[in-house]
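Coordinates in review
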Amino acid sequence: MKLKRLSKYAICFFVICLILTSCNNIDYSDNTSHVDANATDLPLGVAVAQDGLSKIKYYDGCIYFIGPSFGNNVQKTLWRYNIATDICSTVCADAICMHNTKDCPFFSMEKNFYISDNCVYYERTFPFGTDRYYDFVRYDIENAKLKQYFKSEDIERPTYKYELYVDGYRFYYKSVFDQVSGEYYFALHRLELATGDEVALFLNDDQGIDLDVQLLFALDEHLYFSDGREIFSADYEMNDKKTVLSGTFLYSDIYTDGQNIYWGEGEQDAQSLYRARLDGSEKTSLGITAAKWQITSNYIYYLNTESYVVGKNSTTEMQGENIVIPSSELRRANLDGSDDTRVFELNGDICYEIISFCSVGRSIYLSYIKYYDANGDNAIEDGEIYQSIDTTDYSIMCINTQDGSVKYIRCET
Amino acid sequence: MKKYIKIMLCIFLVASLLTVVCTNVFAERATIDVRNSVYGSRGEGFLNSYTGASHADTVAISNGNESVSVELYIDSYLVQEKENVGSSYTTAWVRIADSGSSAQSAHYIVRDGVIYRGYGEVFVTEKIFPSCRSKDLQEGAI
C-alpha cells in the first residue's frame, strides 16, 4: 500500500519536473558572441526614406512600436520605450486616456508611421460604420497637439511604405489619376508641413517621378534617388540634377553616413555590399553578402545569407512546406567591412527570424518570430510559433552586446 | 414500417429546415477584395461571423517577401490579429469563439513596398439556435 502511494508521489513529482523543465527560461546568452559594441554607436542622423512598416523605430533615445491599448476593449496605439530610464509608455500623453476610443489621437492608426522633428506622422483609417474615412495627421510629442493635413473617404487608397521627412517637408509617393491612360499611378509629391501645401515633383524633362525612381535620402538640401542604373541627386524643386554613381543598383537599401554611400548589388536577399565617396570616387567592395542590413554611426549590422530549415510547417495556415529561415546569424562589421563578427546566432534550440532591428549603443533591439519545436517532431505547430510584435501580444528582444545577456521589453497594459 | 419511414422523413425535413434557417439568418459572411486603385487586386479577405464564433482571413493571390495580415474586430474592438511575414505564407487567419452584434475585419497585403487594403463588416442577429455553430464554421470560406 505504502509502495503504491510512493509510486503515485513519484509520478506526480516526475510530471511536475517535466512541466517545469518545459517552461523554464532558456539561457539565450549562448547565442551571442559577447561582442562589445561602442557605447556611442547610434542610428544615423541623416534623413533617410523611412520604412513606415518597420516594426520598431529609434528616435531620440526611444524605441517606438505599435502595441495594445489599455482596458478590455483593445485597440492599437503607439508606444515608446525609453532606453535611458527603462520605461515603456504610450506616446499619447493624456494620463487618463485608455487609448481605445476615438478621443485618443492614435485611435485607428495605420501600421505605417514616421517620426521626425519630435513629431509622429501617420494615417488613421475609420473603415466601419456610416462615417468612413481616413486622414493623415501629425502628433507633436512635445505639446501633444494633433494636426490634420487631409481627410478622404477613399479608405482603400494605395500607400507606399517609404517616406522622407526633411527640412519641414514630407516627400512621398501619392496615387494620381492619369486622364490620358485612364489609370492610377504613384507619383512623388512634396508636402510643406507648416502650411499643408502640396506639389507634384517632376524631373528636368517634366517626367513624373514614379516608383521606378526610388527616393533614398537627403543631404545638404538635395534629395538622392536611384533608378537602378544610377544614383543621382537633385534639389527640393528637382533642379540641379547630378549623377553621383552609375552601375547596377537595387532600388532600396542604399544609405549614407554623410561621407560615403553604401549600397548592395545582386539579389535583394543576397546583396554584395559596396561603398564609395559621395562624389562617386573610391568604389570599394566591403566583402559582405547580406540578406538585410543597415548602418549605424560605427558599424554595418547585417543578416547573413545562410538559410536553414526549422522544420515542416504544420500550422493550420500552411502545411507540408518546410519553414526556411533566410539567415542564421546577425553579424556586425566596421564601416570598411573589417572585423566581421557574429553578434547573435539565430539557429539554436530556439530559432529566430528577425523582422526588424536597430542598434543603439551597446544594445540591439529586435522584433522577431520565434520557432521552438517543443515536442521535437521536426514540425512546427501553431503553438510553437511566437511573433514578437502584434497588437495583442508583443515583446521586443534586447541583446546586450557587452555581456551577451538578452532581455525582453514588455509594457504594462 | 411505413409509419417509421414517415417519422424519419419528418425529422429529416425539420432538421434540414432548421439548418437552412440558421445558416441564412444567424451567420453572416463577407468577401472582401484586397486592392488599391493603382495596381488593383492582390488577394481576397473573408469575414464570417456567427452566434458564438467569428473568423477572418486574408488570402494573397501569390506569395512574396513581405506580409499578409488580418485584423478581426467584434463590435469595433480589436480582438485578434495575425501577420505572416516572408515568402512561406500566402494566408493569415484568425478565429475566436465569440461574436457580438457586428464583426469587422481589416485585410492587408504588402507587396514590393505597396500596401493593399480591404475592409469587411457584417451584422449578426440574435442567437436562437446555438447548435448551428459548428456546421456554419465548417462552411466558412477558408
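Everything quoted here is computed from the prediction, not taken from an experiment. (Residues numbered from 1 in each chain as written. Chains lettered and ligands numbered in written order. Predicted model: local features only at pLDDT ≥ 70, side-chain atom pairs only at ≥ 80, totals over all residues. Heavy atoms only, no water.)

Counting buried positions over the ten residues of strand E8 (residues 114–123) of chain B gives eight, a clear majority of the element. Pairing analysis gives two bridges linking strand E11 (residues 159–160) of chain A to E8(B), with the strands arranged antiparallel. The residue of E8(B) that forms the bridge with A:Tyr160 is B:Val114. In this structure, strand E7 (residues 102–111) of chain B lies alongside E8(B), joined through ten bridges in antiparallel fashion. Bridged to B:Ile109 within E8(B) is B:Tyr116. In sequence, E7(B) turns back onto E8(B) through a hairpin of two residues, with B:Asp112 there showing a positive phi of about 50°. (Buried < 20%, exposed > 50% of the residue type's maximum accessible area, 1.4 Å probe, protein only. Helix = DSSP H or I, 4+ residues; strand = E, 2+ residues; numbered from the N terminus. Pairing = 2+ DSSP bridges.)

This part takes up the packing of aromatic side chains. All names here are of chain A. A full pass over the atoms with the stated rule returns 33 aromatic pairs over all chains. Seen from their ring centres, tyrosine 169 and tyrosine 236 are 5.6 Å apart, and the 75° between their planes marks the pair as edge-to-face. Linking tyrosine 169 in strand E13 (residues 169–178) with tyrosine 236 in the loop between strand E18 (230–235) and strand E19 (242–246), this pair joins segments that are 67 residues apart in sequence. Overall, tyrosine 169 belongs to the buried group, its relative accessible area being 18%. For tyrosine 236, a relative accessible area of 9% corresponds to the buried category. Here the aromatic rings of tyrosine 255 and tryptophan 293 are separated by 4.9 Å at their centres, their planes lie at 85°, and the arrangement is edge-to-face. With tyrosine 255 in strand E20 (residues 254–256) and tryptophan 293 in strand E24 (residues 292–295), the pair connects residues that are 38 residues apart, well separated along the chain. Among the residues examined, tyrosine 255 registers a relative accessible area of 22% and is labelled partly exposed. The exposure class assigned to tryptophan 293 is buried, which follows from its relative accessible area of 4%. Among the aromatic residues, those joined into a ring-pair cluster are Tyr114, Tyr121, Tyr134, Phe136, Tyr149, Phe150 and Tyr165. It is lysine 57 that lies over the ring of phenylalanine 113; its NZ or CZ is 3.5 Å from the centre. (Phe/Tyr/Trp six-rings, centres within 6.5 Å; stacked < 30°, edge-to-face > 60°. Lys NZ or Arg CZ within 6 Å of the ring centre and 35° of its normal.)

This next bit is on the confidence of the model for chain B. All names here are of chain B. Confidence in the prediction for chain B averages 77 pLDDT; 75% of positions are at 70 or higher. Across chain B, the element-wise mean pLDDT spans from 30 in helix H2 (residues 133–138) up to 94 in E7. A low-confidence stretch, residues 127–142 stays under pLDDT 50, and its non-local contacts, those more than four residues away or across chains, total 30 contacts. Across the interface, the model reports ipTM at 0.84; the global pTM reads 0.84. (pLDDT = per-residue confidence, 0-100. Contact = heavy atoms within 4.5 Å.)

This paragraph deals with the sheet that holds strand E1 (residues 47–48) of chain A. All names here are of chain A. Judged by pairing direction, the sheet is antiparallel, and its five strands sit side by side in the order E1-E16-E17-E18-E19 without closing on themselves. Each end of this open sheet is capped by a strand with a single partner; those strands are E1 and E19. Two elements, strand E16 (residues 214–219) and strand E17 (residues 222–226), share five bridges in a ladder whose sense is antiparallel. Counterpart to phenylalanine 217 in the pairing with E17 is tyrosine 224.

Now for the interface of chain B and chain A. Opposite the 38 residues of chain B that make contact, chain A presents 40 residues. The contact between chain B and chain A buries some 3300 Å² in all, and 51% of this surface belongs to carbon and sulfur atoms. It is B:Glu81, B:Arg117 and B:Tyr119 that lose the most area in chain B upon contact with chain A, and together they represent 19% of the buried surface on that side. Taking the shortest distance from any N to any O, the salt bridge between A:Glu110 and B:Arg117 comes out at 3.3 Å. Connecting chain B to chain A are 15 residue pairs in polar contact (both at pLDDT 80 or more). Elements with a contribution of two residues or more to the side of chain B that touches chain A: strand E1 (27–36), strand E4 (67–74), strand E5 (77–85), strand E6 (91–96), E7 and E8 of chain B. Per-element accounting of the side of chain B that touches chain A gives the leading share, nine residues, to E5(B). In terms of residue class, the side of chain B that touches chain A is built from 15 nonpolar, 14 polar and nine charged. (Buried area = accessible area lost by both parts, 1.4 Å probe. Salt bridge = Lys/Arg side-chain N within 4 Å of Asp/Glu carboxyl O. Polar contact = N/O pair within 3.5 Å; in protein donor to acceptor, adjacent residues only side chain to side chain. Nonpolar A, V, L, I, M, F, W, Y, C, P; charged D, E, K, R; others polar.)

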